[in-house]
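Chain by chain, the residues:
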Amino acid sequence: MRKFDTKVQHLKYKVLREVAHQAWEGTLYDNLLDIPKIIVPTNTPTMRCCVYKERAILAERVKIAIGGDKENPNVIEVINTACDECPVGGFEVTNACRGCLAHRCEDVCKFGAISFDRNHEAQIDKSKCKECGACAKVCPYTAIVSRKRPCQSACKVKAITMDENRAAEIDNSKCISCGACVYMCPFGAIMDKSYIINVVDMLKKSDERNDHRVYAVIAPAFVSQFSYAKPGQVVAGLIRLGFHSVVEVALGADIVAKAESAELAEKGFLTSSCCPSFVDFIHSNFPDMVDKISHNPSPMAAIARFIKKADDKAKVVFIGPCTAKKMEAQKDEVKPYVDAVLTFEEVQALFDSRDFDITELEEEPLDGASYFGRLFAMSGGLTGAVEEAIKEQELDVELKACVCNGIEECKVALLKKSKNMLDANFIEGMACVGGCIGGAGCVTHGEKNKAEIDKYGKEAHEQTILGAISNLEKQEQTV
């Protein structure tokens, strides 16, 4: 058993591992109904009322693990049968209510939701309450509190509501696919769709037909995720799975840093384009600033485009910590270059579905990107790379950056800039706190991840952005 942050993640991993195993064997659709029984045999203790409900929920997990609802364009889906354990939530009166005479809570409520029992203690009628919070603000005892479900608390863009059965419901027009709700749901009732069987199919056909080559482009955050193995062993594991080559996404970051710094010098103000959740947030909430988004692709798209230009038989699989990358890969401008996206959770399942231990493999090299490209994984890394690219290219622009660590900081910065109250010419937006190392698709989260990325960056053989790009262009001729 591998180390995951939560048992929910481990359960998700077991489903993905079994789905991948069956896909390798070519028996997935024959055994689809048996997978829940394989994972939870009879008489196995479960977290549900009975093994039958656990299996029913596992069946829904399996559906999402093989691609989910094709009618739903979002990569984040709710398993309704699993979403039944959280309290209703909303504003509640606690036992701190003293039954005072003032009744400020009743006076301020415009919807008639407040009444009093025989002890003069306040009661809230949920059918009338609009959750405006006015009653909580005026209570002298702070006896009225808001109790939100974990998914709602995690979603900073307010994309989650409750349906008529009080199950979580996602508003796709607001959702930025960051996956915060996926990670925070304590019952695993929200999951990101997986394309793991698509990747298995690509790898199998590559081996059988030899008509295409599958490249793994891996995000630098990987060094903090498979802590039981060395980075070179992770690379070796991917090659063992059948990938033709493993390429650093950080090389795409170097390409983006060079281009984005030049664009900043030309236009005078930019918001970054690397984080797809941040980009979607601007489109949804600050449409007047869409033209300020950098026209450069994300590092994922940049390196994938480079690979496909160099090798017309290439298929590209992005591997990283980000659920939103699955949405980005579906966009018209990215789809021609990225064939599938896997999270680190899914890669762990993929390794174990083939029953080999990557710690027993000899290390394979993964060199090429610069120190600055590798640090894109952390909040502030993009800004550091743009600053370096300005210096290396001797561009006539002074960088005044606003680094936004998490979508709430992004919202504040964009709001200030829209009102001409922000003295900055570049906004680096990362939807996840900490940057990519805080992504929902990570196996583990924590401060140690930052230290691992910094160490990995310092181990880069190429210390300049332009040097890394120059070497990449030379390698293009040998692909």
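Residues numbered from 1 in each chain as written. Predicted model: local features only at pLDDT ≥ 70, side-chain atom pairs only at ≥ 80, totals over all residues. Heavy atoms only, no water.

A.B. asks: What is the right way to look at the side chain of Glu 18 in this model?
C.D. replies: Counting through the fold element by element, Glu 18 comes out in helix 1 (residues 7-25). One buried charge, Glu 18, has no salt-bridge partner; the nearest side chain with opposite charge is Arg 17, at 5.4 Å. A distance of 2.8 Å separates a polar atom in the side chain of Glu 18 from a polar atom in the side chain of Gln 22. In contact with Glu 18, not counting residues within four places along its chain, are Ile 35 and Ile 38. (Helix = DSSP H or I, 4+ residues; strand = E, 2+ residues; numbered from the N terminus. Buried < 20%, exposed > 50% of the residue type's maximum accessible area, 1.4 Å probe, protein only. Lys, Arg positive; Asp, Glu negative; His and termini not counted. Salt bridge = Lys/Arg side-chain N within 4 Å of Asp/Glu carboxyl O. Polar contact = N/O pair within 3.5 Å; in protein donor to acceptor, adjacent residues only side chain to side chain. Contact = heavy atoms within 4.5 Å.)

A.B. asks: It is not clear to me how the environment of Tyr 29 should be interpreted in this structure. Could you clarify?
C.D. replies: Note on placement: Tyr 29 falls in the loop between helix 1 and helix 2 (35-39). By relative accessible area, which is 56% here, Tyr 29 ends up exposed. Taking the C-alpha atoms as reference points, Tyr 29 and Val 19, separated by 10 residues in sequence, lie 9.6 Å from one another. Discounting chain neighbours no more than four positions away, the residues touching Tyr 29 are Ile 66 and Ile 197.

A.B. asks: Sorry if this is basic, but what is going on with the state of the cysteines here?
C.D. replies: Where two cysteines share a covalent bond between their sulfur atoms, that bond is called a disulfide. Evaluated as defined, the whole model comprises zero disulfides. With no disulfide partner, Cys 129 has as its closest neighbouring cysteine sulfur the one in Cys 135, 6.3 Å distant. Not part of a disulfide, Cys 410 finds its nearest cysteine sulfur in Cys 404, a span of 4.6 Å. (Disulfide = S-S within 2.5 Å.)

A.B. asks: Explain the confidence of the model for the protein here, please?
C.D. replies: Should the pLDDT be low somewhere, the predicted coordinates at that spot are not to be read in detail. Mean pLDDT for the protein: 92, with 97% of residues reaching 70 or above. The least confident element of the protein, judged by mean pLDDT, is helix 19 (residues 465-476) at 84; the most confident is strand 13 (residues 340-343) at 98. (pLDDT = per-residue confidence, 0-100.)

A.B. asks: What exactly am I supposed to notice about helix 1 here?
C.D. replies: For helix 1, spanning 19 residues, the distance from its first C-alpha to its last is 27 Å, which sits close to the expected 27 Å at 1.5 Å a residue. Just beyond helix 1, the residue with positive phi is Gly 26, at close to 80 degrees. (Expected span 1.5 Å × (residues − 1).)

A.B. asks: It is not clear to me how the packing of helix 9 (residues 231-241) against helix 14 (residues 344-353) should be interpreted in this structure. Could you clarify?
C.D. replies: The geometry of helix 9 relative to helix 14 is characterised by a closest axis approach of 10 Å and an angle of 60 degrees between their N-to-C directions. One way to sum up the angle between helix 9 and helix 14 is to call them oblique. In this structure, the crossing between helix 9 and helix 14 has a hand that is left-handed. Where helix 9 approaches helix 14, its residues Val 234, Gly 237, Leu 238 and Leu 241 are matched on the opposing element by Val 347, Leu 350 and Phe 351. Partitioned by chemical class, the residues of the contact of helix 9 with helix 14 number six nonpolar, one polar and no charged. (Axes fitted to C-alpha atoms, helices over the stretch in contact; angles between N-to-C directions. Parallel < 35°, antiparallel > 145°, perpendicular 65-115°, else oblique. Left-handed = near helix turned anticlockwise from the far one by under 90°. Nonpolar A, V, L, I, M, F, W, Y, C, P; charged D, E, K, R; others polar.)

A.B. asks: Which parts of the structure should I look at to understand the nonpolar core?
C.D. replies: General note: in soluble globular proteins, nonpolar side chains tend to be found buried as a group. Counting residues in hydrophobic clusters, the biggest one holds 102 residues, and the most contacted among them are Val 19 and Leu 238. At eight residues, the largest contribution of residues to this core is made by helix 1. Not counting chain neighbours up to four residues away, the residues in contact with Leu 238 comprise Ala 216, Ile 218, Phe 243, Val 246, Ile 319, Val 347 and Phe 351. Counting residues in hydrophobic clusters, the runner-up holds 45 residues, among them Val 157, Ile 176, Cys 275 and Phe 286. (Core = buried A, V, L, I, M, F, W, Y, C linked by side-chain atoms within 4.5 Å.)

A.B. asks: What am I meant to see in the sheet that holds strand 11 (residues 270-271) here?
C.D. replies: If you walk across this open sheet you meet the three strands as 11-15-14, and the pairing is parallel. Among the strands making up the open sheet, the edge pair consists of strand 11 and strand 14 (401-405). As judged from the two bridges shared by strand 11 and strand 15 (residues 426-430), these two strands associate in the parallel manner. Its bridge partner being in strand 15, Thr 271 is matched across the sheet by Ile 427. Running over the sheet, helix 16 (residues 381-393) touches strand 14 and strand 15 and is turned about 145 degrees from strand 15. (Pairing = 2+ DSSP bridges.)

A.B. asks: Where do I start with the sheet that holds strand 12 (residues 314-320) in this structure?
C.D. replies: Neighbouring strands of a sheet are bound in pairs by backbone hydrogen bonds; such pairs are parallel or else antiparallel. Spatial ordering of the open sheet is given by 10-9-12-13, a layout of four strands whose pairing is parallel. Since the sheet does not close on itself, it has two edges, and those belong to strand 10 (245-248) and strand 13, each with one partner. Each neighbouring strand pair of the sheet contributes to a mean axis angle of 30 degrees, computed without reference to strand direction. Packing of helix 10 (residues 249-267) onto the sheet brings it into contact with strand 9 (213-218), strand 10 and strand 12, and relative to strand 10 it is tilted by some 40 degrees.

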